[in-house]
Amino acid sequence: MSARRYIGDKPIAPLILKSLQLQEPYFAAHATGMGVIDPNGKVQIQKATGPVAAVKKTTKITKLKGKVGIGHSRYSSLARDDPRYDIDAMAHPFTNDTGDIALMHNGEIYNFKEHWARLKPNHKFKSYNPAIDWITDSESPST
């Protein structure tokens, strides 16, 4: 799994998509996503199952406008093997119910229960699945 971010003067979408596409041979990608802060200050998200080339065809990811953004591609054996996962919804970045927070990360978060307990009272995350009780498959179910 790989994450990319950029803050600068150039349009963000082409830069992040190219970066994610270049790293696919090393990390694979069964889900790809990007979030940008648009010119009006709103968080815009596009994500779906598949590598960059597939997501470009099935979403409006190339149309995202902004100069600040995050992008992520991932390959997860947990999500691949567990039918409880909705890979489209659980692709990074993931957002809260109001769409003003976009998150992504790499690796396992071993103290996710502490963070989750702090966030749950005030935020609902769209990718949350009570059957598995964690936001993304990078939090280890064995912890």
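Look up a bit, the structure's there.
Residues numbered from 1 in each chain as written. Predicted model: local features only at pLDDT ≥ 70, side-chain atom pairs only at ≥ 80, totals over all residues. Heavy atoms only, no water.

Trainee: Lay out the overall build of the protein in plain terms, naming residues and giving numbers.
Mentor: Counting secondary structure elements, the protein contains five helices and six strands. Taken from the N to the C terminus, the helices and strands of the protein come in the order β-α-β-β-α-β-α-α-β-β-α. Counting all 143 residues of the protein, 40% fall into the buried class. Pairs at least 24 apart in sequence give 66% of the contacts found in the protein among residues at least 6 apart. When the accessible surface of the protein is split by element, carbon and sulfur atoms take 55% of a total near 8,100 Å². (Helix = DSSP H or I, 4+ residues; strand = E, 2+ residues; numbered from the N terminus. Buried < 20%, exposed > 50% of the residue type's maximum accessible area, 1.4 Å probe, protein only. Contact = heavy atoms within 4.5 Å. Areas by Shrake-Rupley, 256 points an atom, 1.4 Å probe, with all protein chains shown as cover.)

Trainee: Run through a nonpolar patch on the surface, naming residues and quoting values.
Mentor: The grouping of Ile-7, Ile-37 and Val-68 at the surface amounts to a nonpolar patch, some 270 Å² of accessible area in total. Within the fold, Ile-7 resides in strand S1 (residues 2–7). Residue class for Ile-7 comes out exposed when judged on its relative accessible area of 71%. (Patch = residues over 30% accessible without salt bridge, like charges linked within 9 Å, V, L, I, M, F, W, Y side chains within 5 Å. Salt bridge = Lys/Arg side-chain N within 4 Å of Asp/Glu carboxyl O.)

Trainee: Provide a residue-level description of the side chain of Ser-73, including the pertinent values.
Mentor: Mapped onto the elements of the fold, Ser-73 is located in strand S4 (residues 68–74). Ser-73 sits in the buried class, given a relative accessible area of 0%.

Trainee: Summarise the pairing of strand S3 (residues 43–49); cite the residues concerned and give the values.
Mentor: One face of the sheet, then the other: side chains in a regular strand alternate in exactly this way. Pairing geometry for strand S2 (residues 31–37) and S3, over seven bridges, is antiparallel. When the bridges of S3 are listed, Ile-37 appears paired with Val-43. Where S2 folds back onto S3 in an antiparallel hairpin, the turn is made up of five residues, including Gly-41, whose phi is positive at roughly 85°. (Pairing = 2+ DSSP bridges.)

Trainee: Could you give an account of the environment of Thr-58, with specific residues and numbers?
Mentor: Position of Thr-58 relative to the elements: it lies in helix H2 (residues 52–58). Between the C-alpha atom of Thr-58 and that of Gln-46, which follows or precedes it by 12 residues, the distance is 9.8 Å.

Trainee: An account of the side chain of Glu-24 is requested, with residue identities and associated values reported.
Mentor: Structurally, the position occupied by Glu-24 is in helix H1 (residues 12–27). The side chain of Glu-24 is buried and forms no salt bridge, while Lys-56, the nearest opposite charge, is found at 9.2 Å. Sequence-distant contacts of Glu-24, defined by excluding residues within four places in its chain, comprise Ala-29, Thr-32, Pro-51 and Val-52. (Lys, Arg positive; Asp, Glu negative; His and termini not counted.)

Trainee: Account for the nonpolar core, with residues named and values stated.
Mentor: By size, the foremost hydrophobic cluster in this structure holds 12 residues: Ile-12, Ala-13, Ile-16, Leu-17, Leu-20, Met-34, Val-36, Ala-48, Val-52, Val-55, Ile-61 and Leu-64. Those elements that provide at least two residues to this core are H1, S2 and H2. Per element, the largest residue contribution to this core is five residues, and it comes from H1. The contacts of Leu-64, once residues within four sequence positions are left out, are Ala-13, Met-34, Val-36, Gln-44 and Gln-46. (Core = buried A, V, L, I, M, F, W, Y, C linked by side-chain atoms within 4.5 Å.)

Trainee: Give me the lowdown on the pairing of S2, citing residues and values where you can.
Mentor: Taking burial as the measure, the seven residues of S2 include six buried ones, the bulk of the element. With seven bridges joining them, S2 and S4 adopt antiparallel strand pairing. Within S4, the position partnered with Gly-35 by the bridge is Ile-70.

Trainee: An account of unusual backbone geometry is requested, with residue identities and associated values reported.
Mentor: Working note: non-glycine residues mostly have negative phi, and peptide bonds are mostly trans. The linkage connecting His-92 with the following residue, Pro-93, adopts the cis geometry, with an omega of -5°. By the element assignment, Pro-93 lies in the loop between helix H4 (87–90) and strand S5 (94–95).

Trainee: Explain H1 to me, and be specific about the residues and the numbers.
Mentor: Given a rise of 1.5 Å per residue, 16 residues ought to cover 22 Å, and the 22 Å separating the end C-alpha atoms of H1 matches this to within 8%. Those residues of H1 that fall on the buried side of the exposure criterion are Ile-12, Ala-13, Ile-16, Leu-17, Leu-20, Gln-23 and Glu-24. Taken from the residues just after H1, Ala-28 is the one with a positive phi, measuring 65°. (Expected span 1.5 Å × (residues − 1).)

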